[in-house]
Amino acid sequence: MASASRAQLCGARSFVSLTCMPQSVPEELSRTIETLYRTESGRILATLVRLLGDIDLAEEAMHEAFGAALSLWPKSGVPGNPRPWLISTARFKAIDTLRRRARFDASQDELARHLEAQWSSAERSHEEDSLEDDRLRLIFTCCHPALPAEAQVALTLREVCGLTTEEIARAFLVSPATLAQRIVRAKAKIRETRIPYEVPTPQELPERLGAVLQVVYLVFNEGYSAAAGAEVTRAELTGEAIRLGRLVSELLPEPEVIGLLSLMLLQESRRAARTSPAGELILLENQDRSLWNWEQIAEGLALLQKALNSRHFGSYTLQAAIAAVHAQAESVAATDWRQIIALYDQLLQIQPSPVVRLNRAVAIAMLDGPETGLTEIDAVLKYGELANYYLAHSVRADMYRRLGRTAEARVSYEKALALTRQEPERQFLQERIRQLK
């Protein structure tokens, strides 16, 4: 089977894995290509969308370029700068595709000639400065107000950030088939209505900002606590979300943009302490706080103060304020839980979500004890909105455990275990279950 065919069989934006590599590819090169795909495919795709003007064509061309790398690099070696090689190869693959289509549609041949003519100038400009960043343009395209809100977020997570359909479906608590339909319809809408691939004008920015910030934070959350896999965190996603947050803040330094950047920095500051050298999950109460990134904390606190001073902040800034209380506490016991509860009360007024109510219930448990906390958690769970949210069952189990109600704790831990696909979380929950026997 040809390399490109192997690539296509393995699926969009996630094909590079060792199981998809041709037998002839050395293991070290396999790892190199897999790493390149994970770290560079988003940027490559965004540049190709700008150059080709079509998301589907860009995606197909990018996969063919990686397929070509699988075939050619074992003989020629990895180029010194692989990204331009992949972009250039993808461009040739796209032109070939358009010429094949031209046998049925003459306009495709005209487009192929146009792409060839404009490539020389494009090659000189594909490395963008911060405000002309391709990925930022692609985010704003995917978040165009002509698209339904749920499609905006799903499409951006899929095309800009490379999350799989399954990962996004879990985040939205819908089936992968439903999520896939949203993405297909959104792509068709962009194509049919000729939505431009560009950063909007200053006048258009405010109505587009909410969806963009939601996307950036959802990307960060997937990196901060991966939905599935062998690792708790995905540093490439948290790093990309922070980078995009900085880009947006340069473009539009409004309080909530600054608040979101503050929130991400404060949360990311704890990453090194959240897992053991063996990859085991470490809860906040057991983390070595000397491992926290104090430069990120200092920057996050300064940004938070700037957002708060504006007096026009929203949910991201309030969440950053909660993260700041944690960051400034010497220990879990010394944390000002009363202040955290007060901040959650404010957050609930503008974002009355079940997850916020659950987090508030946990803070109440830390202040008033597990029995009071369990009552609050049960009040949240009775509505059923968090029935498939593993953390809800995990925190409920912890309340039972702290109260010595072993059988009930085990049942809740087992529910949580059945709902998570992240291996360190599974190991943590399995250990808790063993401890209860």
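Residues numbered from 1 in each chain as written. Predicted model: local features only at pLDDT ≥ 70, side-chain atom pairs only at ≥ 80, totals over all residues. Heavy atoms only, no water.

### Quick notes on the environment of threonine 39
Stated precisely, the cut-off is as follows: Helix and strand assignments come from DSSP, with helices taken as H or I runs of at least 4 residues and strands as E runs of at least 2, each series counted from the N terminus. Relative accessibility under 20% of the residue-type maximum defines a buried residue, over 50% an exposed one, and the middle range a partly exposed one, all with a 1.4 Å probe and only protein chains included.
Residue placement: threonine 39 occurs in helix H2 (residues 27-52). Residue threonine 39 is classed as partly exposed on the basis of its relative accessible area of 29%. Counting along the chain gives 198 residues from threonine 39 to leucine 237, while the straight-line C-alpha distance between them is 8.9 Å.

### A closer look at unusual backbone geometry
Within the chain, arginine 194 stands out as a residue other than glycine whose phi angle is a positive 55°. Structurally, the position occupied by arginine 194 is in the loop between helix H9 (176-193) and helix H10 (205-224). Phi is positive for arginine 311, which is not a glycine, with a value near 60°. Checked against the element boundaries, arginine 311 lands in the loop between helix H13 (294-310) and helix H14 (315-328). By relative accessible area, arginine 311 is classed as exposed at 72%.

### Some words on the environment of asparagine 359
Mapped onto the secondary structure, asparagine 359 falls in helix H16 (residues 354-368). Sequence separation between asparagine 359 and tyrosine 344 is 15 residues; the distance between their C-alpha atoms is 7.9 Å.

### Digging into the nonpolar core
Where we set the bar: In these notes, a set of buried Ala, Val, Leu, Ile, Met, Phe, Trp, Tyr and Cys residues joined through side-chain atoms within 4.5 Å is what counts as a nonpolar core.
Membership of the largest hydrophobic core comes to 102 residues, with the highest contact counts inside it found for Leu48, Phe66, Leu260 and Met264. Core analysis: the next-biggest nonpolar cluster, separate from the first, contains 24 residues, Tyr413, Ala416, Phe428 and Ile433 among them.

### Thoughts on the confidence of the model for the protein chain
Detailed reading of the predicted coordinates is not advisable wherever pLDDT is low. Filter applied, for reference: pLDDT measures how confident the predictor is about each residue, on a scale from 0 to 100. We call two residues contacting when some pair of their heavy atoms lies within 4.5 Å.
Of all residues in the protein chain, 86% attain a pLDDT of 70 or more, and the chain-wide mean is 84. A low-confidence stretch, residues 1-19 stays under pLDDT 50, and its non-local contacts, those more than four residues away or across chains, total 49 contacts. Between residues 124-132, whose pLDDT stays under 50, and residues either more than four places distant or in other chains, the model counts 19 contacts.

### Examining the packing of aromatic side chains
Just so we agree on the cut-off: Centres within 6.5 Å make a pair out of two Phe, Tyr or Trp rings, where for Trp the six-membered ring is used; the pair is then stacked when the planes are under 30 degrees apart, edge-to-face when over 60, and tilted otherwise. Whether a charge sits over a ring comes down to the Lys NZ or Arg CZ being within 6 Å of the ring centre and within 35 degrees of the ring normal.
Tallying each qualifying case throughout the model produces 7 aromatic pairs. Consider the rings of tyrosine 217 and tyrosine 316, whose centres lie 5.7 Å apart with planes at 85°: the pair is edge-to-face. Of the two residues, tyrosine 217 is situated in helix H10 and tyrosine 316 in helix H14; the sequence distance between them amounts to 99 residues. These aromatic residues form a ring-pair network of at least three members: Tyr217, Phe220, Tyr224 and Tyr316. Positioned above the aromatic ring of tyrosine 224, the side-chain terminus of arginine 274 is 3.8 Å from the ring centre.

### Describing helix H19 (residues 406-419)
Put simply, the rule is: Helix span is expected to be 1.5 Å times the residue number reduced by one.
The first and last C-alpha atoms of H19 sit 20 Å apart over 14 residues, in line with the 20 Å expected at 1.5 Å per residue. Where H19 is buried, its residues meet helix H18 (390-402) and helix H20 (423-435).

### Observations regarding helix H12 (residues 255-268)
At 3.6 residues per turn, the α-helix brings residues three or four places apart onto the same side. Over its 14 residues, H12 extends 20 Å from the first C-alpha to the last, a length consistent with the 20 Å expected when each residue adds 1.5 Å. The element H12 is extensively covered by neighbouring structure, given that 13 of its 14 residues are classed as buried.

### As for the state of the cysteines
In a disulfide, the sulfur atoms of two cysteines are held together by a covalent bond. Put simply, the rule reads: Only a pair of cysteine sulfur atoms within 2.5 Å qualifies as a disulfide here.
What the rule picks out here adds up to 0 disulfides. Here cysteine 142 is not disulfide-linked; the sulfur of cysteine 143 is the nearest cysteine sulfur, at 6.6 Å. The buried category is assigned to cysteine 143, whose relative accessible area is 1%.

### Brief notes about the pattern of salt bridges
Operational definition: Any Lys or Arg side-chain nitrogen located within 4 Å of an Asp or Glu carboxyl oxygen qualifies as a salt bridge.
Enumeration over the complete set of coordinates arrives at 21 salt bridges. Between lysine 187 and aspartate 56 there is a salt bridge, and its shortest N-O distance comes to 2.9 Å. Linking lysine 187 in helix H9 with aspartate 56 in helix H3 (residues 55-76), this pair joins segments that are 131 residues apart in sequence. Assessed through its relative accessible area of 12%, lysine 187 is described here as buried. For arginine 360, the salt bridge identified is with glutamate 376, shortest N-O distance 3.7 Å. You can see arginine 360 sitting in helix H16 and its partner glutamate 376 sitting in helix H17 (residues 370-381), a full 16 residues away along the chain. What makes glutamate 376 partly exposed here is its relative accessible area of 28%. The network of salt bridges with common partners includes Asp56, Glu59, Glu159, Lys187 and Arg191.

### Looking at the side chain of arginine 208
Note the cut-off: Residues scored as positive are Lys and Arg, those scored as negative are Asp and Glu, and His as well as the terminal groups of each chain are ignored. Under the rule applied, a polar contact is a pair of N or O atoms within 3.5 Å (in protein, one hydrogen donor and one hydrogen acceptor; residues adjacent in sequence only if both atoms are side-chain atoms).
Along the chain, the position of arginine 208 falls in helix H10. For the buried arginine 208, which has no salt bridge, the nearest side chain bearing the opposite charge is glutamate 204, at an N-O separation of 4.8 Å. Separated by 2.5 Å, the side chain of arginine 208 and the backbone oxygen of phenylalanine 140 make a polar contact. Arginine 208 has contacts with Phe140, Thr141, Cys143, His144, Pro145 and Pro200, leaving out every residue within four places of it along the chain.

### So, the side chain of glutamate 256
For glutamate 256, the location among the structural elements is in helix H12. Despite its burial, glutamate 256 pairs with no opposite charge, the nearest such side chain being lysine 306 at 14 Å. Engagement of the side chain of glutamate 256 in a polar contact is seen with the backbone nitrogen of serine 315, the distance being 3.1 Å. Dropping the residues within four chain positions of it, glutamate 256 is found in contact with Leu213, Phe313, Gly314, Ser315, Tyr316 and Thr317.

### Digging into the packing of H14 against helix H15 (residues 337-350)
Let me state the cut-off plainly: Angles here are taken between N-to-C directions and fall from 0 to 180 degrees, while the axes themselves are lines fitted to C-alpha atoms, restricted in helices to the stretch in contact. Roughly parallel here means an angle under 35 degrees, roughly antiparallel means over 145, roughly perpendicular means 65 to 115, and every remaining angle is called oblique. For this classification, the nonpolar set comprises Ala, Val, Leu, Ile, Met, Phe, Trp, Tyr, Cys and Pro, the charged set comprises Asp, Glu, Lys and Arg, and every other residue, Gly included, is treated as polar.
Viewed as axis vectors pointing N to C, H14 and H15 meet at an angle of 170°, and their least axial separation amounts to 10 Å. The angle between H14 and H15 falls in the class roughly antiparallel. Residues Ser315, Leu318, Gln319, Ala321, Ile322, Val325 and His326 of H14 pack against Trp337, Gln339, Ile340, Leu343, Tyr344, Gln346, Leu347 and Ile350 of H15. Partitioning the contact of H14 with H15 into residue classes produces 10 nonpolar, 5 polar and no charged.

### Overview of the packing of H12 against H14
Cut-off, in case you're wondering: In this scheme the crossing of two helices becomes right-handed for a clockwise turn of the near helix relative to the far one and left-handed for an anticlockwise turn of less than a right angle.
In the contact formed by H12 and H14, the axes pass within 8 Å of each other and the chain directions differ by 30°. Taken together, the axis directions place H12 and H14 in an arrangement best described as roughly parallel. Helix-helix and strand crossings are classified by hand; for H12 and H14 the assignment is left-handed. Residue-level contacts link Pro255, Glu256, Gly259, Leu260, Ser262, Leu263 and Leu266 of H12 to Ser315, Tyr316, Thr317, Gln319, Ala320, Ala323, Ala324 and Ala327 of H14. The class makeup of the residues in the contact of H12 with H14 is 9 nonpolar, 5 polar and 1 charged.

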